[in-house]
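Spelled out, the chains give:
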Amino acid sequence: MLLRSRPSTFVFVGLTSCLIFPSFGVIQKHFGNSGLVIYLILAPALLWLTYHFAADRLLGSISERQSLYLAAITLLALVVTFAVLYPKANTHLPGRGSDADDALNLAASELLSGRYPFYVETYLHNPIGIFPGAVFLALPFVLLGNSSPQNLFWLAAFFFAVSGSVSSWRLGLLLLWTVLLFSPVVTQQLVTGTDDVANSIYVLLFMLLLARWVARPDAAAWKKLLAAFLLGIGLSSRGNFVLVLPQLFAELTRRATWSVAAKYVAIACAAFAAVTFPFWLYDPAGFSPFNTQTHKVAVWQTVLPYSGFVIPALGGLIALALAVKSLRQRSVTWLRDCAIVQAVLVLSVVTLSIIQRRTFSLVLMSYGVFFLFFGVYACWSRMFGNGGRDAKVPECSIGLMMDS
């Protein structure tokens, strides 16, 4: 039996929810409410059938080496798909594609030219909405021509990280295929260049890297500092990811001590400040990411007064409550809790949008990508790994050298 145990109902429901909810907007847009209902029924049913009847047969028919080859073929197929479809999606017409990739390209190009990166606007006249850390992490791809392929890179990194956490290329491949088959929003964002996939994955992987190295007394100090610094840069992308810090602190405390946890969380915060505040101080009024991301929650004030404060505060309180519970019980639930907090933020915005617009539109559910990868990683590690107690992040997953 390659699948060591059948997933519990709770874990399976969590995995299914993280896989399908973020795609509701994409399905509704292209297939209407009837298609949404069909997807809501068929996707969980097919997923259940896969993991109760087909997964063992599939995994038993291929070796670990063959799985690695199949993963390479899958990723190559995604590259080809991107090369064919991205130019068609990237038409710079309203309602077609996304201007998220253009925002990163413009900001990075301005930065490389020595100019302030937050004065420019996209072809849709949208200001730059991402924080400086996301711009810095996109620079290598912009230097190669375009920020959009970063989604492919980080999706490959996610595959290596998952495979390492469960010590199996086969199980890593199975999850990669599962995400691609059951979460069409991921493929949609790959071909449109929206950076949400990359953003959520690199924050997740930097957290895993820091947690792993902090837990190892023999790990060099520079590795821990580097991981904390990378996480700080990753957090300087979108404000919602700052709410992962309570869960990270709880997990570092479980793996090490309170003082060690406080030290490296503080270093991550210092790195966040180091890459963010200089741009804000240069021109507070012109620092568009703060205004843009605040507006995304403040726009619902006609339905929920002070929504710009209430929604982040609600997410923060839930994050703190879950972190305190984790600390008291010494439980390994940090990634699950991260997914819960991000899901609360997304569901709050979707609900307020429906009430305000008086129409059942789920387009904003695409922001669920922010909890998708946290959730599926947590569920997968619990189903087939060690519950995340010492999840490994292979060195090739982020291009860094670390001890085996």
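A quick note: this is a predicted structure, and the numbers were derived from the prediction, not measured. (Residues numbered from 1 in each chain as written. Predicted model: local features only at pLDDT ≥ 70, side-chain atom pairs only at ≥ 80, totals over all residues. Heavy atoms only, no water.)

(A) Molecular detail of the overall build of the protein. What the protein contains, in helices and strands, is 16 helices and zero strands. In terms of C-alpha radius of gyration, the protein reaches 20 Å, essentially the compact-globule figure of 22 Å for 404 residues. C-alpha atoms of the protein, sized along the principal axes, occupy 60 × 55 × 45 Å. Put simply, 78% of the contacts in the protein that link residues at least 6 apart link residues at least 24 apart. Accessible surface, the protein as shown: approximately 17500 Å² in total, 68% of it carbon and sulfur. (Helix = DSSP H or I, 4+ residues; strand = E, 2+ residues; numbered from the N terminus. Rg over C-alpha atoms; globule rule 2.2 N^0.38 Å. Contact = heavy atoms within 4.5 Å. Areas by Shrake-Rupley, 256 points an atom, 1.4 Å probe, with all protein chains shown as cover.)

(B) Quick look at a nonpolar patch on the surface. On the surface, Val 37, Ile 38, Leu 40, Ile 41, Leu 42, Leu 46, Trp 48, Leu 49 and Phe 53 cluster together into a nonpolar patch covering about 870 Å² of accessible area. Its location among the elements puts Leu 40 in helix 2 (residues 24-60). (Patch = residues over 30% accessible without salt bridge, like charges linked within 9 Å, V, L, I, M, F, W, Y side chains within 5 Å. Salt bridge = Lys/Arg side-chain N within 4 Å of Asp/Glu carboxyl O.)

(C) Focus on helix 16 (residues 369-384). Counted at 1.5 Å a residue, the expected span for helix 16 with its 16 residues is 22 Å, and the 22 Å between its end C-alpha atoms agrees. For helix 16, a buried count of 15 out of 16 residues is recorded, marking the element as mostly surrounded by other parts of the structure. (Expected span 1.5 Å × (residues − 1). Buried < 20%, exposed > 50% of the residue type's maximum accessible area, 1.4 Å probe, protein only.)

(D) Spatial organisation of the environment of Ser 366. Within the secondary structure layout, Ser 366 lies in the loop between helix 15 (334-357) and helix 16. Here Ser 366 falls in the buried class, since its relative accessible area comes to 16%. Counting along the chain gives 343 residues from Ser 366 to Ser 23, while the straight-line C-alpha distance between them is 6.0 Å.

(E) Fine view of the pattern of salt bridges. Applying the stated criterion to the full structure yields eight salt bridges. Across the pair Arg 238 and Asp 196 runs a salt bridge whose closest N-O atoms are separated by 3.3 Å. Of this pair, Arg 238 sits in the loop between helix 10 (221-235) and helix 11 (245-255) while Asp 196 sits in helix 9 (residues 196-214), and the two are 42 residues apart along the sequence. Residue Arg 238 shares its accessibility class with Asp 196, and that shared class is buried. The network of salt bridges with common partners includes Asp 195, Asp 196 and Arg 238.

(F) Region of the structure containing the side chain of Asp 337. Secondary-structure assignment places Asp 337 in helix 15. For Asp 337, a relative accessible area of 1% gives the class buried. Once residues within four sequence positions are removed from consideration, Asp 337 is found in contact with Gln 247 and Leu 322.

(G) Region of the structure containing helix 12 (residues 258-282). The terminal C-alpha atoms of helix 12, which comprises 25 residues, lie 36 Å apart, in line with the 36 Å expected from a rise of 1.5 Å per residue. Taken as a whole, helix 12 carries its principal kink of about 35° at Thr 276; the proline Pro 278 stands between one and four residues after it. Taken residue by residue, helix 12 has Ala 261, Tyr 264, Val 265, Ala 268, Ala 271, Phe 272, Val 275, Thr 276 and Phe 279 as its buried positions. For helix 12, the elements touching its buried residues are helix 4 (100-112), helix 5 (132-143), helix 9, helix 10 and helix 11. (Bend = angle between axes of the 7 residues up to and from the residue.)

(H) Geometry of the packing of aromatic side chains. Applying the stated criterion across every chain yields a total of 27 aromatic pairs. Every member of this aromatic cluster is reached through a ring pair, and the members are Tyr 116, Phe 118, Tyr 119, Phe 131, Phe 136, Phe 279, Tyr 282 and Phe 287. (Phe/Tyr/Trp six-rings, centres within 6.5 Å; stacked < 30°, edge-to-face > 60°.)

(I) Spotlight on the nonpolar core. If you look at the biggest cluster of nonpolar residues, it comprises 128 residues, and the most contacted ones within it are Phe 373, Phe 374 and Trp 380. Tallying contributions element by element places helix 9 first for this core, with 15 residues. If we skip the residues at most four places from it in the chain, Phe 374 touches Ser 200, Val 203, Leu 204, Met 207, Phe 241, Val 244, Leu 335, Cys 338 and Ala 339. (Core = buried A, V, L, I, M, F, W, Y, C linked by side-chain atoms within 4.5 Å.)

(J) Expanded view of unusual backbone geometry. The residue Ser 167 is not glycine, and still its phi comes out positive at about 55°. Along the polypeptide, Ser 167 turns up in the loop between helix 6 (150-166) and helix 7 (169-182). One non-glycine residue with positive phi stands out, namely Tyr 306, at about 60°. Relative to the assigned elements, Tyr 306 resides in the loop between helix 13 (288-298) and helix 14 (307-329). Note on Tyr 306: relative accessible area 63%, which makes it exposed.

(K) Looking closely at the packing of helix 9 against helix 15. Two elements in contact, helix 9 and helix 15, have axes separated by 12 Å at closest approach and are oriented at 150°. Accordingly, the angle class assigned to the pair helix 9 and helix 15 is roughly antiparallel. In the crossing of helix 9 with helix 15, the sense of the turn from one axis to the other is right-handed. Here helix 9 contributes Leu 204, Met 207, Leu 208 and Ala 211 to the contact with helix 15, which in turn contributes Trp 334, Leu 335 and Cys 338. Grouping the constituent residues of the contact of helix 9 with helix 15 by class yields seven nonpolar, no polar and no charged. (Axes fitted to C-alpha atoms, helices over the stretch in contact; angles between N-to-C directions. Parallel < 35°, antiparallel > 145°, perpendicular 65-115°, else oblique. Left-handed = near helix turned anticlockwise from the far one by under 90°. Nonpolar A, V, L, I, M, F, W, Y, C, P; charged D, E, K, R; others polar.)

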